[in-house]
Amino acid sequence: MQLHFSPSIRSITISSSNGFIDLMKIKVAARHVSYRTLFHTILILAFLLPFVFILTAVVTLEGVNKCSSFDCLGRRLGPRLLGRIDDSGQKLVRDFYKILNEVKTGEIPAGLKLPDSFDQLVSDMKNNQYDAKTFAFMLRGMMEKFEREIRESKFSELMNKHFAASSIPKGIHCLSLRLTDEYSSNAHARKQLPSPELLPLLSDNSYYHFILSTDNILAASVVVTSTVQSSLRPEKIVFHVITDKKTYAGMHSWFALNPVSPAIVEVKGIHQFDWLTRENVPVLEAVENQNGIRNYYHGNHIAGAILSDTTPQTFASKLQARSPKYISLLNHLRIYLPELFPNLDKVVFLDDDVVIQRDLSPLWEIDLEGKVNGAVETCRGEDEWVMSKRFRNYFNFSHPLVAKHLDPEECAWAYGMNVFDLNAWRKKNIRETYHAWLKENLKSNLTMWKLGTLPPALIAFKGHVHPIDPSWHMLGLGYQNKTNIESVKKAAVIHYNGQSKPWLQIGFEHLRPFWTKYVNYSNDFIGNCHILEP
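Here is a short report on the structure shown in this document. Bear in mind the structure is a predicted one, so any value in this text is a computation, not a measurement. Throughout this document, residue positions are counted from 1 along each chain, in the order its sequence is written. Residues qualify for local features only when their pLDDT is at least 70, as the model is predicted, and side-chain atom pairs are given and counted only at 80 or more; totals for whole chains, interfaces and linings, by contrast, use all residues. Side-chain metrics in this entry use all non-hydrogen atoms of the structure; hydrogen atoms and water are not considered.

Before going further, it helps to examine the overall build of the protein. Helix and strand labels come from DSSP, where a helix needs a run of H or I of at least four residues and a strand needs a run of E of at least two; each type is numbered from the N terminus. Helices and strands together make up the secondary structure of the protein, namely 20 helices and 13 strands. Accessible area is worked out with a 1.4 Å probe on protein chains only. A residue is then buried under 20% of its type maximum, exposed over 50%, and partly exposed in between. Per-residue burial for the protein yields a buried fraction of 45% across its 534 residues. Contact criterion: two residues are considered in contact whenever any of their non-hydrogen atoms come within 4.5 Å of each other. The long-range share in the protein, meaning contacts at least 24 apart out of those at least 6 apart in sequence, stands at 71%. Counting every atom, the protein has about 28900 Å² of accessible surface; 53% of that belongs to carbon and sulfur. To measure how exposed things are, a 1.4 Å probe is used in the Shrake-Rupley method; for residues, cover is taken only from the protein chains shown.

Moving on to the state of the cysteines. Working definition: a disulfide is two cysteine sulfur atoms within 2.5 Å of each other. Within the structure shown, the criterion is met by two disulfides. At a sulfur-sulfur separation of 2.1 Å, the disulfide partner of Cys174 is Cys529. Taking the sign of the torsion about the S-S bond as the criterion, the disulfide between Cys174 and Cys529, at about -75 degrees, is left-handed. Here the residue Cys174 occupies a position in helix 6 (residues 170-185), and Cys529 occupies one in the segment after helix 20 (524-528), the gap between them amounting to 355 residues. Owing to a relative accessible area of 19%, Cys174 belongs among the buried residues under this scheme.

Below, the discussion takes up the nonpolar core. Counting residues in hydrophobic clusters, the biggest one holds 66 residues, and the most contacted among them are Leu175, Phe210, Val224, Phe239, Phe255, Leu350 and Ile494. For Val224, the contacting residues outside a window of four places in its chain are Leu212, Phe239, Val241, Phe255, Val260 and Val265. In this description, a nonpolar core means a group of buried Ala, Val, Leu, Ile, Met, Phe, Trp, Tyr and Cys residues linked to one another through side-chain atoms lying within 4.5 Å. With 44 residues, the next largest nonpolar core counts Leu276, Leu333, Val372 and Ala424 among its residues.

Pairing of aromatic rings covers Phe, Tyr and Trp, the last through its six-membered ring, and needs centres within 6.5 Å; plane angles under 30 degrees mean stacked, over 60 mean edge-to-face, and all others mean tilted. Enumeration according to the criterion identifies 14 aromatic pairs in this entry. With a centroid separation of 5.0 Å and an interplanar angle of 50 degrees, the aromatic rings of Tyr208 and Trp364 are classed as tilted. Of the two residues, Tyr208 is situated in strand 4 (residues 208-213) and Trp364 in the loop between strand 8 (354-356) and strand 9 (373-375); the sequence distance between them amounts to 156 residues. With respect to burial, Tyr208 and Trp364 carry one shared label: buried. With centroids separated by 5.3 Å and ring planes inclined at 80 degrees, the aromatic side chains of Trp413 and Tyr415 adopt a geometry described as edge-to-face. A relative accessible area of 5% means that Trp413 is categorised as buried. Through pairs of rings, three or more aromatic residues link up here, namely Trp413, Tyr415, Phe420, Trp425 and Phe461.

In this structure, Pro194 follows Leu193 across a cis peptide bond, with omega equal to -15 degrees. Within the fold, Pro194 resides in the loop between helix 6 and strand 4. Cis rather than trans, the peptide bond between Ser261 and Pro262 has omega equal to 10 degrees. As for its placement among the helices and strands, Pro262 is situated in the loop between helix 8 (245-257) and strand 6 (264-269). You will see that Leu446, though not glycine, has its phi angle at about 60 degrees, which is positive.

Take the pattern of salt bridges next. Think of a salt bridge as a Lys or Arg side-chain nitrogen and an Asp or Glu carboxyl oxygen that are within 4 Å of each other. Tallied over the entire structure, the rule returns 14 salt bridges. Of the charged contacts in the structure, one is a salt bridge between Asp215 and Lys246, with a shortest N-O distance of 3.8 Å. Of this pair, Asp215 sits in the loop between strand 4 and helix 7 (217-230) while Lys246 sits in helix 8, and the two are 31 residues apart along the sequence. In this structure Asp215 comes out as partly exposed when scored by relative accessible area, which is 37%.

With mixed pairing, the seven strands of this open sheet are ordered in space as 6-5-4-7-10-9-11. Since the sheet does not close on itself, it has two edges, and those belong to strand 6 and strand 11 (465-467), each with one partner. Recorded for the sheet is a direction-independent mean angle of 25 degrees between the axes of neighbouring strands. With axes taken as lines fitted to C-alpha atoms, and helix axes fitted only over the stretch in contact, angles between N-to-C directions fall between 0 and 180 degrees. Each of strand 4, strand 5 (237-243), strand 6 and strand 7 (346-350) touches helix 7; the most contacted strand, strand 5, lies at about 170 degrees to it. Sheet strands in contact with helix 8 are strand 5 and strand 6, and its direction is about 160 degrees off that of strand 6. Should DSSP find at least two bridges between two strands, the strands are regarded as paired.

Another point: the sheet that holds strand 12 (residues 473-474). The strand order across the open sheet formed by three strands is 8-13-12, and the pairing between neighbours is mixed. One side of each edge strand has no neighbouring strand; the edge strands of this open sheet are strand 8 and strand 12. Pairing of strand 8 with strand 13 (residues 493-495), which is carried by three bridges, proceeds in the antiparallel orientation. Bridging from a neighbouring strand, Val354 pairs with His495 of strand 13.

Together, Val93, Tyr97 and Leu100 line one region of the surface with nonpolar side chains, adding up to about 260 Å² of accessible area. Tracing the sequence through the fold places Tyr97 in helix 3 (residues 88-105). Every patch collects residues that have over 30% relative accessible area and no salt bridge, joining them within 9 Å if they carry like charges and within 5 Å if they are nonpolar side chains (Val, Leu, Ile, Met, Phe, Trp, Tyr).

Among the structural elements, Lys501 can be located in the loop between strand 13 and helix 19 (513-516). By the criterion applied in these results, polar contacts are pairs of N or O atoms within 3.5 Å in which, for protein atoms, one can donate a hydrogen and the other can accept it, and in which residues neighboring in sequence qualify only through two side-chain atoms. A distance of 3.1 Å separates a polar side-chain atom of Lys501 from the backbone oxygen of Gly498. Among residues more than four places away in sequence, those in contact with Lys501 are Asp353, Tyr496 and Gly507.

Geometric descriptors of this kind do not, in isolation, establish any biological role.
Listed below in structure tokens is the structure:
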């Protein structure tokens, strides 16, 4: 690059080094040229020269130095300076998008062989020289095939999980059989619970009365043990454990041979309650014996289900609703507490899949403000499985009776850890309302709701629930694999509601230790039955 000043300094010329291109020529007026003007001119040139040099270098490197004007250079460099490049690649992309849109709505050619892997796809493309449209059809076919396989696998997994959750693990079945045998052969296993001198305490309202209804001996032992060990005043605890006739001997044996002193434990079978007659529970008798109902809960859960029209989450909910436990009298028993314990004023009812981590005696100090049921509301969180439940999640609002009497946006609440004021309860017609709605649902062939005992309880206790602090009862440990561990540690009661119970192989490994810490694995019965160890 050269810089030429005319002899009279009337013009300044900038040219390329080969002398063929006049890149810039500046004419200076003949008159009134001052040194200041010249200085400013040279200063401007000092700024321009580097840019001119760069432009020239680019022209040379790209082999376009034969351009004879800035017009040529502008046509070459303008698009780059403005952020535009040769759009041949963009055109290819646009063409491919067009092909994809055509393939999206078109029919996959009959006989098109779909590869099983990406490597096979690449190999087929090389060998058969497919055009772009055939390639797109193959991609679509592979995606649809893999989606079907994944969907079928997911539904199969849900079915297997449902059967695993509904069955009795071999170890727990073994424990029940061995303890039942012990009851028949060991006098210590048959001793009275509690001892005769403690019987008056079973109706003493100065004690903390817990009620547990279950046929799972191992689960019952964890609930009772965790409650007693977490209590600041275990000597004031009375546990009323209710079980069915077939489990009674084994349950009695366990607590007779493994006392939780100083707490008091009473074990009773359903058959030992005089009040539980067919006349008093006609609806539940029908639920347990009606063939149509039994087929619903014990039959083929796939029959009639169009899997292509449902989501795995919806299917999982329907399977959960078909758990056989929902037609068990033990599961409905809580609705009869005022009649079963006529001398008690206030009780805490616990499910068998909970663990107690904090002293629960303050629950008796909560003022329920005349309400019957102290419970944690389950509509205050973002988790759609557990803590975002409203009436619409449980009821079929297309049913006219449901739509007429219920509000889909009303907040639901949790069963599993409830404070019941039995005196206030006895003044209400809660049991009658519960029975009436059960009858209506039976008449409608279970079209009003599908899920067991909570929906009729939501109706029966409507207007009689006092919300308690959520820290008392944390739910979802049987649903949520990603449950926050720190939140679990802080909760007073943790609830493994859902299919993944901690005593099952499908239980979540990182949540199981909160439960197994209360299992006595040194016990001979537990050891001999090879029950799941931590």
